[in-house]
Amino acid sequence: MTNETRLGAVCDVQLAIEKYGLADGKNDVLVIAGDNVLDFSLGRFISYALEKNASCVMRYYENDEKKLVKCGVLTVDENDLVVRMTEKSPEPETHWCCPPFYYYAKEDVGKVKEAIEEGCGTDAPGSFIAWLCSKSKVYAMQMPGSRYDIGNLESYENVRKIYKGIVN
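Just so it is clear, the structure is predicted and the values come from calculations on it, not from any experiment.

The rules we used
- Residues numbered from 1 in each chain as written.
- Predicted model: local features only at pLDDT ≥ 70, side-chain atom pairs only at ≥ 80, totals over all residues.
- Heavy atoms only, no water.
- Helix = DSSP H or I, 4+ residues; strand = E, 2+ residues; numbered from the N terminus.
- Rg over C-alpha atoms; globule rule 2.2 N^0.38 Å.
- Contact = heavy atoms within 4.5 Å.
- Lys, Arg positive; Asp, Glu negative; His and termini not counted.
- Charge placed at Lys NZ, Arg CZ, Asp CG, Glu CD.
- Buried < 20%, exposed > 50% of the residue type's maximum accessible area, 1.4 Å probe, protein only.
- Salt bridge = Lys/Arg side-chain N within 4 Å of Asp/Glu carboxyl O.
- Polar contact = N/O pair within 3.5 Å; in protein donor to acceptor, adjacent residues only side chain to side chain.
- Arc of directions from axis to C-beta.
- pLDDT = per-residue confidence, 0-100.
- Pairing = 2+ DSSP bridges.

1. Description of the overall build of the protein
Okay, step 1: Counting its regular elements, the protein contains 7 helices and 9 strands.
Okay, step 2: Relative to its length of 168 residues, the protein is compact, with a C-alpha radius of gyration of 16 Å against a globular reference of 15 Å.
Okay, step 3: Dimensions along the principal axes, computed over C-alpha positions, put the protein at roughly 45 × 45 × 35 Å.
Okay, step 4: Nonlocal contacts in the protein, meaning residues at least 24 apart in sequence, comprise 70% of its contacts between residues at least 6 apart.
Okay, step 5: Of the side-chain charges in the protein, 20 are positive and 26 negative, and the distance between the mean point of each set is 3 Å.

Structure (structure tokens):
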């Protein structure tokens, strides 16, 4: 209800998993965190995850080092397998930024609680993915379009001027 009583993003996901009975290993879960507007359909991402038959994230190349230190950063191999993810690292290993769009395969949904119990960070939504990469296969699809972060009134007004809708 307030900043002082909030659970944190990962605990919020666990709360939803418990409330809707999703830890039974029967359902995949799509998590879209943050205040973003997209110019692409999520259908391609879901198809990618189903094809990989694994948990998946998206990635995009970020040139700006100042932006990278505020994001989850991925290290991926030649098959798009996430080798490592660091959340808000002061020295990012790569320029592959991970926006908060996650597909949890059904066999990984129940691991959110385990991650929390093992001390996974709970504030940033990517903390679970960073933990999961050491336990399960997680793949990273290159984002097919753009995302627009709506962090304040100025960015909202800017997106209203330039946004053309879903194009991909």
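2. Looking at the side chain of glutamate 62
Okay, step 1: Inspection of the secondary structure assignment puts glutamate 62 in the loop between strand E3 (55-61) and helix H3 (65-68).
Okay, step 2: An unpaired buried charge is present at glutamate 62: no salt bridge exists, and lysine 67, the closest side chain of opposite charge, is 4.6 Å distant.
Okay, step 3: Reaching out from glutamate 62, the side chain makes a polar contact with the backbone nitrogen of aspartate 64 at a distance of 3.0 Å.
Okay, step 4: For glutamate 62, the contacting residues outside a window of four places in its chain are Lys67, Leu68, His95 and Cys97.

3. Considerations on the pattern of salt bridges
Okay, step 1: For the structure shown, the criterion picks out 5 salt bridges.
Okay, step 2: The partner of glutamate 157 in a salt bridge is arginine 160, and the shortest N-O contact between them spans 3.8 Å. Here glutamate 157 pairs with arginine 160, and both are found in helix H7 (residues 153-162), just 3 residues apart, close to one helical turn.
Okay, step 3: Of the residues examined, arginine 160 reaches a relative accessible area of 55% and is grouped as exposed.

4. Things to note about helix H2 (residues 43-52)
Okay, step 1: Turning to H2, its buried residues are Phe45, Tyr48 and Ala49. Down the axis of H2, the buried set is contained in an arc of 95 degrees. They therefore lie on one face. Those residues of H2 that are exposed and angled more than 90 degrees off the buried face are Arg44, Leu50 and Glu51.
Okay, step 2: Asparagine 53, located one to two residues past H2, shows a positive phi value of around 55 degrees.

5. Concerning the confidence of the model for the protein
Okay, step 1: Summary statistics for the protein give a mean pLDDT of 92 and a share of 99% for residues scoring 70 or more.
Okay, step 2: For the protein, the element scoring lowest by mean pLDDT is strand E9 (residues 147-149), at 84; strand E8 (residues 138-142) scores highest, at 97.

6. Observations regarding the environment of valine 29
Okay, step 1: Along the chain, valine 29 falls in strand E1 (residues 29-32).
Okay, step 2: When its relative accessible area of 12% is taken as the criterion, valine 29 is described as buried.
Okay, step 3: The spatial distance from the C-alpha of valine 29 to the C-alpha of tyrosine 102 is 8.2 Å, given a sequence separation of 73 residues.
Okay, step 4: For valine 29, the residues in contact, after removing those within four places along its chain, are Leu22, Tyr102, Tyr103, Tyr104 and Val109.

7. A word on unusual backbone geometry
Okay, step 1: Positive phi values are uncommon outside glycine, yet asparagine 53 reaches one of about 55 degrees.
Okay, step 2: Relative to the elements of secondary structure, asparagine 53 occurs in the loop between H2 and E3.
Okay, step 3: Unusually for a residue other than glycine, lysine 88 sits at a positive phi of about 55 degrees.
Okay, step 4: In this structure, lysine 88 sits in the loop between strand E5 (82-87) and strand E6 (96-98).

8. Brief notes about the pairing of strand E7 (residues 101-104)
Okay, step 1: Residues Phe101 and Tyr103 point to one face of E7 and Tyr102 and Tyr104 to the other, with burial holding for every one of them.
Okay, step 2: By the bridge criterion, 4 bridges tie E1 to E7 in an arrangement that is antiparallel. Opposite valine 29, over in E7, you have tyrosine 104 as the bridge partner.
Okay, step 3: Pairing of E3 with E7, which is carried by 2 bridges, proceeds in the antiparallel orientation. Counterpart to cysteine 56 in the pairing with E7 is tyrosine 103.

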